[in-house]
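# Examining the three-dimensional arrangement
Spelled out, the chains give:
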Amino acid sequence: MLKSHVRFYSATGKRLVLVADDEPVNRELLTYILQGDFDLLTASNGREVLQLVREHAERLSLVLLDLMMPELDGFRVLESMGAEGLLPRLPVIVITSEKAAEVRSLRLGASDFITKPFELPEVILARVQRTIELSEDRDILQGTERDSLTGLFNKEFFYRYAAQYDRVHDGKAMDAYVLDINHFHLVNEINGKAYGDLVLRRIAEQLRRVVAETGCMAARREGDRFMVYAPHGCLDGETLLAGVMQQLDDINSARIRIRMGIYPEADRSVSVEERFDRAKAASDSLRDNYTRFISIYDRSAYEQQMFAEQLIDEMDTALLHRQFEVWFQPKYDIRGESPRLTSAEALVRWRHPERGMISPGRFIPLFEKNGLIQKLDHYVWREAAAHCARWKAAYGVDIPVSVNVSRIDIFDPDLVPKLLKIVSDAGLTTDDLLLEITESAYAEDSGQIIQAVAALRERGFRIEMDDFGSGYSSLNMLAELPLDILKLDMRFVRALEKDGSGKALRMLELMTDIARFLQVPVIAEGVETKDQLDIMKRLGVDTVQGYYFSKPLPAEEFETLLSS
Ligand code: C2E
Ligand code: CA
Ligand code: CA
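On a predicted model such as this, the values are computed, not experimentally measured, just so you know. (Residues numbered from 1 in each chain as written. Chains lettered and ligands numbered in written order. Predicted model: local features only at pLDDT ≥ 70, side-chain atom pairs only at ≥ 80, totals over all residues. Heavy atoms only, no water.)

## Here's the deal with the pattern of salt bridges
- Taken as a whole, this structure holds 45 salt bridges when the rule is applied.
- With a shortest N-O distance of 3.5 Å, Asp333 and Arg340 are connected by a salt bridge.
- Taken together, the shared-partner salt bridges in this structure form one network comprising Lys155, Asp180, Arg221, Glu222, Arg225, Arg259, Asp277, Lys280, Asp284 and Arg287. (Salt bridge = Lys/Arg side-chain N within 4 Å of Asp/Glu carboxyl O.)

## A word on the site of ligand 1
- Asp377, Ser406, Glu525, Glu528 and Tyr547 are the nearest of the 23 residues found near ligand 1.
- Note that an oxygen atom of ligand 1 is positioned 3.4 Å from one of the side-chain N or O atoms of Asp467.
- Coverage of ligand 1 by the protein amounts to 83% of the 800 Å² it exposes when considered alone.
- Among the secondary structure elements, those contributing two or more residues to the shell around ligand 1 are β12 (340–352), α13 (360–370), α14 (373–395), β16 (463–468) and α20 (490–496).
- Ranked by residue count, the leading element in the shell around ligand 1 is β12, at four residues.
- Of the residues contributing to the shell around ligand 1, the split by class is ten nonpolar, five polar and eight charged. (Near = heavy atom within 4 Å. Polar contact = N/O pair within 3.5 Å; in protein donor to acceptor, adjacent residues only side chain to side chain. Areas by Shrake-Rupley, 256 points an atom, 1.4 Å probe, with all protein chains shown as cover. Helix = DSSP H or I, 4+ residues; strand = E, 2+ residues; numbered from the N terminus. Nonpolar A, V, L, I, M, F, W, Y, C, P; charged D, E, K, R; others polar.)

## A short note on the environment of Leu125
- Mapped onto the secondary structure, Leu125 falls in helix α6 (residues 121–142).
- In this structure, the C-alpha to C-alpha distance between Leu125 and Asp37, residues 88 residues apart in sequence, is 8.8 Å.
- When residues no more than four places from it in sequence are discounted, the contact partners of Leu125 are Ile33, Leu34, Asp37 and Phe38. (Contact = heavy atoms within 4.5 Å.)

## A closer look at α13
- Burial in α13 covers these residues: Pro360, Phe363, Ile364, Leu366 and Phe367. Along the long axis of α13, the arc covered by the buried residues comes to 165 degrees, so they all point the same way. Opposite the buried face of α13, at more than 90 degrees from it, the exposed residues are Gly361 and Lys369.
- Contacts made by the buried residues of α13 are with α12 (299–320), β11 (324–333), β12, β13 (356–358) and α14.
- Gly371 sits one or two residues past α13 and shows a positive phi near 85 degrees. (Buried < 20%, exposed > 50% of the residue type's maximum accessible area, 1.4 Å probe, protein only. Arc of directions from axis to C-beta.)

## Details of the coordination of the calcium ion (ligand 2)
- Protein coordination at the calcium ion (ligand 2): the donors are Glu345 (OE), Asn404 (OD1), Glu436 (OE) and Asp466 (OD), at 2.1 to 2.3 Å from the metal.
- Sequence positions of the residues that donate to the calcium ion (ligand 2) give the spacing E-x58-N-x31-E-x29-D.
- Here the calcium ion (ligand 2) and the calcium ion (ligand 3) are spaced 4.1 Å apart, and both take Asp466 as a donor. Here Glu436, found in strand β15 (residues 433–438), pairs with Asp466, found in strand β16; they are 30 residues apart in sequence, far enough to count as distant.
- For Glu436, a relative accessible area of 1% corresponds to the buried category.
- By relative accessible area, which is 7% here, Asp466 ends up buried. (Donors = N, O, S within 2.8 Å, 3.2 Å for Na, K, Ca; no water.)

## Observations regarding helix α21 (residues 503–518)
- The terminal C-alpha atoms of α21 lie 23 Å apart, and with 16 residues this matches the ideal 22 Å at 1.5 Å per residue to within 8%.
- Those residues of α21 not exposed but buried are Ala504, Leu508, Met511, Thr512, Ile514, Ala515 and Leu518. Along α21, the residues classed as buried sweep out an arc of 150 degrees about the axis, all on the same side. The exposed set on the far side of α21, more than 90 degrees from its buried face, consists of Lys503, Arg506 and Phe517.
- If you follow the buried residues of α21, they end up packed against β16, α19 (475–478), β17 (485–488), α20, β18 (522–525) and α22 (530–539).
- A positive backbone phi angle near 60 degrees is found at Gln519, which sits one or two residues after α21. (Expected span 1.5 Å × (residues − 1).)

## A look at the packing of helix α9 (residues 193–214) against helix α10 (residues 237–248)
- Between α9 and α10, whose axes approach to 9 Å, the crossing angle comes to 135 degrees. Between α9 and α10, the crossing angle belongs to the class labelled oblique. Taken as a pair, α9 and α10 cross one another with a handedness that is right-handed. Between α9, through Val199, Arg202, Ile203, Glu205, Gln206, Leu207, Arg209 and Val210, and α10, the contact on the second element is made entirely by Leu240, Gly243, Val244, Gln247 and Leu248.
- Class assignment of the residues belonging to the contact of α9 with α10 gives a composition of seven nonpolar, three polar and three charged. (Axes fitted to C-alpha atoms, helices over the stretch in contact; angles between N-to-C directions. Parallel < 35°, antiparallel > 145°, perpendicular 65-115°, else oblique. Left-handed = near helix turned anticlockwise from the far one by under 90°.)

## Topic: the sheet that holds strand β6 (residues 174–181)
- Pairing is mixed across the open sheet formed by five strands, whose spatial order is β7-β8-β6-β9-β10. Each edge of the open sheet carries a strand with a single partner, namely β7 (217–222) and β10 (294–296). Geometrically, the sheet is characterised by an average inter-axis angle of 20 degrees between neighbouring strands, direction not taken into account.
- Alignment of β6 against strand β9 (residues 258–263), held across six bridges, turns out to be antiparallel. Counted as the bridge partner of Leu179 is Met260 from β9.
- Here α9 sits on the sheet in contact with β6, β7, β8 (225–231) and β9, set at roughly 5 degrees to β8. (Pairing = 2+ DSSP bridges.)

## Some thoughts on the packing of aromatic side chains
- Within this structure, the stated rule accounts for 19 aromatic pairs.
- With a centroid separation of 4.9 Å and 75 degrees between ring planes, the pair formed by Phe328 and Trp391 is classed as edge-to-face. Here the residue Phe328 occupies a position in strand β11, and Trp391 occupies one in helix α14, the gap between them amounting to 63 residues.
- The exposure class assigned to Phe328 is buried, which follows from its relative accessible area of 0%.
- A network of ring pairs unites the aromatic residues Phe158, Tyr159, Tyr229 and Phe276 as a single cluster. (Phe/Tyr/Trp six-rings, centres within 6.5 Å; stacked < 30°, edge-to-face > 60°.)

## Describing the sheet that holds strand β5 (residues 112–115)
- Taking strand neighbours across the sheet as the criterion, the five strands line up as β2-β1-β3-β4-β5 in an open arrangement whose pairing is parallel. Unpaired on one side and paired on the other, β2 (39–43) and β5 mark the two borders of the sheet. Each strand axis lies, on average, 20 degrees off the axis of its neighbour in the sheet, ignoring direction.
- One ladder, built from four bridges, connects strand β4 (residues 92–96) with β5; its direction is parallel. Directly across from Thr96, in β5, lies its bridge partner Thr115.
- Along the sheet, helix α4 (residues 74–83) contacts β3 (60–66) and β4; its crossing angle with β3, the most-contacted strand, is approximately 150 degrees.

Put into structure tokens, the structure is as follows:
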């Protein structure tokens, strides 16, 4: 059996041995004895030995080390090798003429010794061979280096090995590659495990070939995932992938596709594992992409993804510690002489202990994707109801609060009883809590949503259709939709700013016409200027919400506004 790294590295099939002795005669003699069976490196002082050992750590099978050398003696070399974790994986035979030195060198991790003057050449050769065999047997027994199916390094060893490579090649830029088989579980399920194993072995074969040709490193990370670590620019992604795919040509009836993530010039300040995680993230980004097979790690995308995952992880704790705050943005009735504060929208904020204030635009879409939004929305609804009840009691005002209801909430069969309970627990009625539902929610699964919304209205809740004009409801459908108030999408108001042709204005006219046709009041959101307000008035908009009047405010500030 060959040691894995030898198998990967040696083009001649011979193991590599380093001969270190300061006397040229001894070097020549040992070279003469060993050169038929081994590839050889030679060194004439301790410093050189260390340099060569670090450089060729993974190819070397043995070091023959003279103890008495200038610069660094053999003991010091052994100490350094031990400290760098090179022993006992790389066996060392010391060369000495002093009996006393043997014990000390064995203690320092040497495997064996040869005495000067040299014994018979056959004896020396046999000792070298025997020591290498023993060390390789031990590696095999330990069995921890390699993956048994593919013969490639396993992940743990590979990471250690790559870290070692970095230490030895200080400052050399490295590229990290991750290769993944798309939907491998399906390949296994449909074609059987034996076929899956064959595919994995074929890929490994090709990687081993690349390793032998270029001196890079390869490993099976787990399952259907492989890793390659190579000096920057040493490999070309396209060629690497094409080579692997070609290896599957004759067996690829299953139309297997392999995707590859590359993290070029990987950042040395993060762990090797993290570098490969980044390459993997790049590869994962291609999972459902059927036109691209190679992706380069993109720092900002990765950081965004990490950020998102962290927020998702932290949501429960944040709820528990009341890091979510409900703010209120006033809505003004603009029909009379002077605008009147008549209601407010509850908008959530996350006061994060480390990141500061996070706006809902960053976390709501994440929570909507995985259903977490339900929990958060319930919290916001309860908080909003509690505040509303307090203002009622304190100031005798009727300021209904509208809350946002996500698409997922609407599919909750218990939505109606839950909302009714929130309202009654706070001592309110359904007049006090308005529900904002975004238009796009209606458009998707209209039948079911229409039913659910109708049930809410039956129990007395009023529905504001949020972001109207953005969700592509057909006019036909609109007539059927159960709703009480239309809230125009902010983009129409925004569009007024650069409205050369008057198109934005005509769109707004159209929207308000639709509202009149449906006989429901209109709210315009995002009104920031006096000009915009005047336009809304002219268009017959009933209510305005926007920075012109006020930004969303913390509950206490909103209360101050109310009390004045
Ligand atoms: P939305 O429901 O359309 O809320 C209106 C957004 O427009 C708010 O952003 C508000 O601060 C902002 N806005 C109001 N007036 C102006 C203005 O004059 N100019 C500009 N540029 N912006 C204005 P916010 O608070 O960042 O909320 C963003 C979105 O997050 C909301 O859009 C809503 O979809 C979602 N959201 C907020 N709170 C909740 C919640 O408790 N539950 C759910 N499900 N979604 C929420
Ligand atoms: Ca809203
Ligand atoms: Ca809106």
